[in-house]
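Understanding the architecture of this molecule
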Amino acid sequence: MKILVCICQTPDTTAKIEFTNANTQFNTSGVQYILNPTDEWYALVRALELKEQNGGSVTVVTVGKADTEQNIRKALAIGADDAVRIDANPDDAYVVGTHIADYAAGKGYDIIFTGKETIDYNGFSVPGVVAELLDLPQVSLAAHLTMDGNTATIDREIEGGIERVQVSTPFLVSAQKGMAEQRIASMKGIMSARTKPLQVVAPKDVKPLATVAYYELPAKRQTVKLIAPEHAADLVRLLHEEAKVI
Amino acid sequence: MHTKSVGQDKFQAHDHYWVDELLTEEHRLIRETVRAWVKREVSPVIEDYAQRAAFPKHLIKGLAEVGAFGPTIPVQYGGQGLDYISYGIIMQELERGDSGIRSTASVQSSLVMYPIYTYGNEAQRMKYLPKLGSGEWMGSFGLTEPNHGSNPSGMTTHFEDKGDHYLLNGSKMWISNAPFCDVAVVWAKDEAGVIRGLVVERGMEGFTTPETHGKWSLRASATGELVFDNVRVPKENLLPNGKGLKAPLGCLSSARFGIAWGAIGAAMDCYDSALRYSLERIQFDKPIGGFQLTQKKLAEMITEITKAQLLAWRVGVLKNEDRATPAQISMAKRNNVDMALHIAREARQIHGGMGITGEYPIMRHMMNLESVITYEGTHDIHLLITGMDVTGINAFK
Ligand SMILES: Cc1cc2nc3c(=O)[nH]c(=O)nc-3n(C[C@H](O)[C@H](O)[C@H](O)COP(=O)(O)OP(=O)(O)OC[C@H]3O[C@@H](n4cnc5c(N)ncnc54)[C@H](O)[C@@H]3O)c2cc1C
């Protein structure tokens with residue numbers, strides 16, 4: 001079974017979020033990057049489990065510049081066999097999806113895994129773009145996946161329940177919580193990652209379809225005002241005059 | 001079982017000077033890996049083990065897997081073949097969890113595997129190192145004696161050449177890992193009074209390892225004695241290439257280096273907890289982090305942590321180049337452990353009453369650090385080493 005896992009890096013959840021250039025660019029100074037958790041914990045680990053059960057190979061692919069290599073090595077340390085970095089800025093979902101589809105086309109992957117979303121821009125779009133450009137069926141928000149020959153049975157989490165779908169290879173699936181359990185690399189894994197192949201691919205010329213007008217931080221949370229039970233009228237007045245919700 | 005803190009390790013790293021940029025990609029990956037392992041395996045259980053004064057033996061396999069046993073020992077002997085900064089980072093992350101867990105790793109790596117690798121012959125290396133690297137065997141290091149702590153050269157443990165074996169007599173005290181060790185690297189005098197290293201194995205007749213109870217510090221690490229009552233040690237267990245006090249001191253240099261990094265981990269954990277608590281705890285209608293006195297504590301903590309990080313990093317670079325002097329390592333050990341202990345005490349104050357409970361890691365770190373500031377050369381002994389280094393005058397005697 002030949003599997004491709006799309007991974008990317010995101011700012012660590014503890015990063016200070018600031019913008020530069022008239023609020024059109026994220027200030028990356030001093031920001032530490034982690035492997036996007038849904039890619040790492042769910043997509044990559046389930047891919048590795050399938051390989052362990054059925055044989056085959058797991059390749060990870062990312063669209064990004066050289067600064068992403070630390071996190072690519074991490075994916076290799078956790079167990080991927082080889083990695084591909086498409087040497088382009090991940091400007092928007094269309095750019096990323098097109099580069100990945102371009103790379104994957106004709107290579108005969110049985111399954112392409114992605115995480116359900118990245119925890120920075122939360123676009124949810126890359127999986128759809130890749131599947132569409134490769135003309136593959138896509139199953140999103142998958143929480144459970146089992147293979148029987150070429151057929152996958154996948155549980156999708158939907159509002160208030162699950163939807164069970166079947167799909168045969170090749171297909172693309174975006175993974176979420178439930179799909180697998182986080183794996184921590186061993187030192188052996190880290191050492192073997194040193195020598196696993198990491199291929200850098202020159203990008204084709206792809207222009208983003210969207211540009212960022214500006215970013216804005218959410219308003220600072222207000223402090224809580226406590227109003228004693230005997231002053232209920234004050235509460236009503238404040239909700240009306242200050243919060244303007246009634 | 002104490003369950004309140006289970007799964008509640010909210011630790012976030014603080015890197016005020018972007019010291020991360022001084023590290024390689026692989027260093028950062030190692031750090032992230034060990035940190036994730038500590039969060040998953042150590043944090044949820046450590047408080048309970050420390051309260052019960054028990055060593056979490058089930059962690060040994062995982063410690064080996066994350067590379068905590070013999071990181072700098074070459075791969076063909078069961079180590080990881082990593083550089084000294086990697087070793088330091090592993091110790092930092094383990095001690096962020098608990099100094100006792102870090103102690104177990106320090107002893108195994110620097111005090112057991114290091115001397116067998118450095119002073120042992122090929123047969124000894126092949127016999128012991130792979131099993132120690134995988135955690136199948138655990139080791140201890142016996143230098144300190146009841147009457148000889150800071151002055152190990154006065155030791156009385158000794159062995160005689162009996163033709164086909166050595167006969168070992170004496171006892172060692174305060175030995176980490178002693179109660180469960182499979183092998184012990186023991187320092188003893190030969191008939192000429194020269195200090196030599198012997199590998200003593202569990203099961204040798206006359207060798208016992210009674211546990212030391214009632215510690216208020218390093219409670220999750222097992223400490224004990226090594227008692228030798230006419231122990232017949234095979235001749236092939238003598239380490240051939242280390243003679244005199246400088247042999248065990250070589251091991252201590254390696255372990256002290258790791259402690260200089262480890263202490264930063266304990267300090268970071270205390271600072272991180274104190275910072276979070278100071279922003280959440282409201283008194284006089286505002287977060288206590290808004291008061292100048294609390295800010296002074298927090299600001300000084302992060303300043304001291306940053307200085308300690310740079311000291312550890314620099315001594316790591318020197319160690320990688322094989323240029324770090326014992327005096328430089330002494331300075332880093334002394335400064336960083338003192339810094340961590342100070343931060344633990346200040347952090348305890350910031351947590352108010354909560355700071356004395358097992359809900360927070362502070363008191364455990366603080367008590368642990370009382371051992372760390374004493375073992376591997378006391379705070380004052382390291383000062384004398386620096387004093388001798390700068391004046392050229394020995395003030396020990
Ligand atoms: C939990 C724990 C684990 C340990 N693990 C190990 C281990 O695995 N292996 C091992 O061999 N040892 C181990 N030790 C022993 C440790 O290294 C010794 O405790 C340490 O070296 C100090 O020796 P001491 O306790 O005999 O104190 P002492 O040497 O008696 O010192 C008492 C005080 O006198 C001061 N002092 C001594 N000499 C001088 C001087 N010349 N000038 C000024 N002040 C001086 C010291 O600084 C100290 O403040 C461990 C200790 C502890 C607490």
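For every chain, the first residue of the written sequence is number 1, and numbering continues from 1 onward in sequence order. Key to labels: chains lettered from A, ligands numbered from 1, both in the order written. Two thresholds apply to this predicted model, a pLDDT of at least 70 for residue-level local features and 80 or more for giving and counting side-chain atom pairs, whereas whole-chain, interface and lining totals are computed over all residues.

**Things to note about the overall build of chain A**
The following threshold applies: Counting from the N terminus, the helices are DSSP H or I runs at least four residues long and the strands are E runs at least two residues long. Buried residues are those with 20 or more other C-beta atoms within 10 Å of their own C-beta, exposed residues have 12 or fewer, and partly exposed residues lie in between; C-beta atoms are placed from the backbone. The contact criterion used is a C-beta to C-beta distance within 7 Å, with each C-beta placed from the backbone.
Regarding its fold elements, chain A presents six helices and 13 strands. With respect to the principal axes defined by its C-alpha atoms, chain A has extents near 70 × 45 × 40 Å. When burial is assessed residue by residue, chain A has 37% of its 246 residues classed as buried. Long-range pairs, those at least 24 residues apart, make up 71% of the contacts in chain A with a sequence separation of at least 6.

**Quick notes on the overall build of chain B**
How we decide: The reference for a compact globule is 2.2 Å times residues^0.38; the radius of gyration itself is calculated from the C-alpha atoms.
What chain B contains, in helices and strands, is 10 helices and 10 strands. The C-alpha atoms of chain B give 21 Å as radius of gyration, which agrees with the globular expectation for 397 residues (21 Å, within 12%). Once the C-alpha set of chain B is aligned to its principal axes, its extents read approximately 80 × 50 × 40 Å. Expressed as a percentage of its 397 residues, the buried residues of chain B come to 53%. The long-range share in chain B, meaning contacts at least 24 apart out of those at least 6 apart in sequence, stands at 76%.

**Some words on the sheet that holds strand 9 (residues 138–148) of chain A**
Residue and element names in this part refer to chain A. This is how the line gets drawn: Each pair of strands is called paired provided DSSP finds at least two bridges between the two strands. Angles run from 0 to 180 degrees between N-to-C directions of axes, and those axes are lines fitted to C-alpha atoms, restricted for helices to the stretch in contact.
Strand order in the open sheet formed by nine strands is 11-10-9-12-8-1-6-7-13, with mixed pairing between adjacent strands. At either end of the open sheet lies a strand with only one pairing partner, and these are strand 11 (161–168) and strand 13 (198–201). Taken over all neighbouring pairs, the strand axes of this sheet differ in orientation by 30° on average, direction set aside. Bridge analysis of strand 8 (residues 111–115) against strand 12 (residues 171–175) gives five bridges, and the strand direction is parallel. In the sheet register, Phe 113 faces strand 12, and the bridge partner there is Val 173. Against the sheet, helix 1 (residues 37–54) engages strand 1 (2–6), strand 6 (57–63), strand 8, strand 9 and strand 12, with an angle of about 155° to strand 8.

**Some points on the pairing of strand 6 of chain A**
All names here are of chain A. In terms of residue burial, strand 6 counts as a mostly covered element, since six of its seven residues are buried. Here five bridges tie strand 1 to strand 6, and the two strands are oriented parallel to one another. Opposite Val 5, over in strand 6, you have Val 60 as the bridge partner. The pairing of strand 6 with strand 7 (residues 82–86) spans five bridges and is classified as parallel. Opposite Thr 59, over in strand 7, you have Asp 82 as the bridge partner.

**Quick word on helix 2 (residues 69–78) of chain A**
All names here are of chain A. Of all 10 residues in helix 2, nine are buried; the element is thus mostly enclosed. Of all the positions in helix 2, only Gln 70, Asn 71, Ile 72, Arg 73, Lys 74, Ala 75, Leu 76, Ala 77 and Ile 78 are classed as buried. In the stretch just after helix 2, Gly 79 is the one whose phi turns positive, near 145°.

**Regarding the site of the ligand**
As a reminder, the rule being used: In this text, near has one meaning. A residue is near a molecule or strand if its C-beta atom, placed using the backbone, is within 6 Å of it. Lys, Arg, Asp and Glu make up the charged group, whereas Ala, Val, Leu, Ile, Met, Phe, Trp, Tyr, Cys and Pro make up the nonpolar group; the residues left over, Gly among them, are polar.
Near the ligand there are 21 residues, and of these B:Leu143, B:Thr144, B:Gly149, B:Ser150 and B:Thr378 occur at the shortest range. In terms of residue class, the shell around the ligand is built from 10 nonpolar, nine polar and two charged.

**Examining the packing of helix 6 (residues 246–280) of chain B against helix 7 (residues 292–320) of chain B**
Residue and element names in this part refer to chain B. Cut-off, in case you're wondering: Angular relationships are summarised with four words: roughly parallel below 35 degrees, roughly antiparallel beyond 145, roughly perpendicular across 65 to 115, and oblique for the angles in between. By convention the crossing between two helices is left-handed if the near helix lies anticlockwise of the far one by an angle smaller than a right angle, and right-handed if it lies clockwise.
At a minimum axis distance of 10 Å, the contact between helix 6 and helix 7 shows a crossing angle of 155°. With respect to their mutual orientation, helix 6 and helix 7 come out roughly antiparallel. Classified by chirality, the crossing of helix 7 by helix 6 is left-handed. Within the contact between the two elements, helix 6 uses Phe 257, Ala 260, Trp 261, Ile 264, Ala 267, Met 268, Tyr 271, Ala 274, Leu 275 and Ser 278 and helix 7 uses Thr 294, Leu 298, Met 301, Ile 302, Ile 305, Ala 308, Gln 309, Ala 312, Val 315 and Lys 319.

**Details of the packing of helix 8 (residues 326–350) of chain B against helix 10 (residues 379–391) of chain B**
Residues and elements named next belong to chain B. Packing of helix 8 against helix 10 leaves a shortest axis separation of 9 Å and a crossing angle of 140°. Taken together, helix 8 and helix 10 sit at an angle that is classed as oblique. Viewed along their axes, helix 8 and helix 10 form a crossing whose handedness is left-handed. Here Ala 327, Ser 330, Met 331, Lys 333, Arg 334 and Asp 338 of helix 8 lie close against helix 10, whose contacting residues are His 379, His 382, Leu 383, Ile 385, Thr 386 and Asp 389. Taken together, the residues that form the contact of helix 8 with helix 10 break down as four nonpolar, four polar and four charged.

**With respect to unusual backbone geometry**
Glycine aside, residues mostly have negative phi, and peptide bonds are mostly found in the trans state. The amide bond that connects A:Thr169 to the next residue, A:Pro170, takes the cis arrangement and shows omega of -5°. Looking at the element boundaries, A:Pro170 is found in the loop between strand 11 and strand 12. With phi around 55°, B:Ala53 is a residue other than glycine that occupies positive phi space. Here B:Ala53 lies in the loop between helix 1 (25–52) and helix 2 (60–65). We note that B:Leu218 has phi near 45°; this positive angle belongs to a residue other than glycine. Among the structural elements, B:Leu218 can be located in the loop between strand 6 (207–208) and strand 7 (223–234). The exposure class assigned to B:Leu218 is buried, which follows from the 27 C-beta atoms found within 10 Å.

**Side note on the confidence of the model for chain B**
For residues with low pLDDT, the predicted coordinates do not support detailed interpretation. For clarity, the cut-off: Every residue gets a pLDDT, meaning the predictor's confidence in that residue, from 0 to 100.
Counting all residues, the mean pLDDT for chain B is 96, and 98% of those residues have values of 70 or more. Taken as a whole, residues 1–7 of chain B scores under 50 in pLDDT and shows 11 contacts with residues more than four places along the chain or in a different chain.

**Topic: the interface of chain A and chain B**
Contacts between chain A and chain B engage 14 residues on the former and 16 residues on the latter. Contributing elements (two or more residues each) for the side of chain A that touches chain B: helix 2 and helix 5 (187–193) of chain A. Take the side of chain A that touches chain B: its biggest share by element is five residues, from helix 2 of chain A. Looking at the side of chain A that touches chain B, its residues break down into six nonpolar, five polar and three charged.

**Topic: the pairing of strand 9 of chain A**
Residues and elements named next belong to chain A. Relative to strand 12, strand 9 runs parallel, the two being bridged by three bridges. Each residue of the ladder has a partner; that of Gln 138, found in strand 12, is Leu 172. The sheet contact formed by strand 9 and strand 10 (residues 151–158) spans six bridges and is antiparallel. Within strand 10, the residue paired with Asp 148 across the bridge is Thr 151.

**Some details on the domain arrangement of chain B**
Accessible area lost on assembly of the parts is the figure often given for the size of an interface. Residue and element names in this part refer to chain B. The criterion, for reference: Domain start and end points were adopted from an automatic or database domain assignment.
Here chain B is described as being made up of domain 1 (19–133), domain 2 (139–243) and domain 3 (246–391). Placing the centre of domain 2 and that of domain 3 at their C-alpha centroids yields a distance of 30 Å. With 12 residues of domain 2 in contact, the opposing surface of domain 3 contributes nine residues. Of all elements in the fold, only strand 5 (195–201) and strand 8 (238–243) reach the threshold of two or more residues within the side of domain 2 that touches domain 3. Partitioning the side of domain 2 that touches domain 3 into residue classes produces seven nonpolar, four polar and one charged.

**Remarks on the environment of B:Leu239**
Here B:Leu239 shows up in strand 8. C-alpha separation for the pair B:Leu239 and B:Ser153, spaced 86 residues apart in sequence, amounts to 18 Å.

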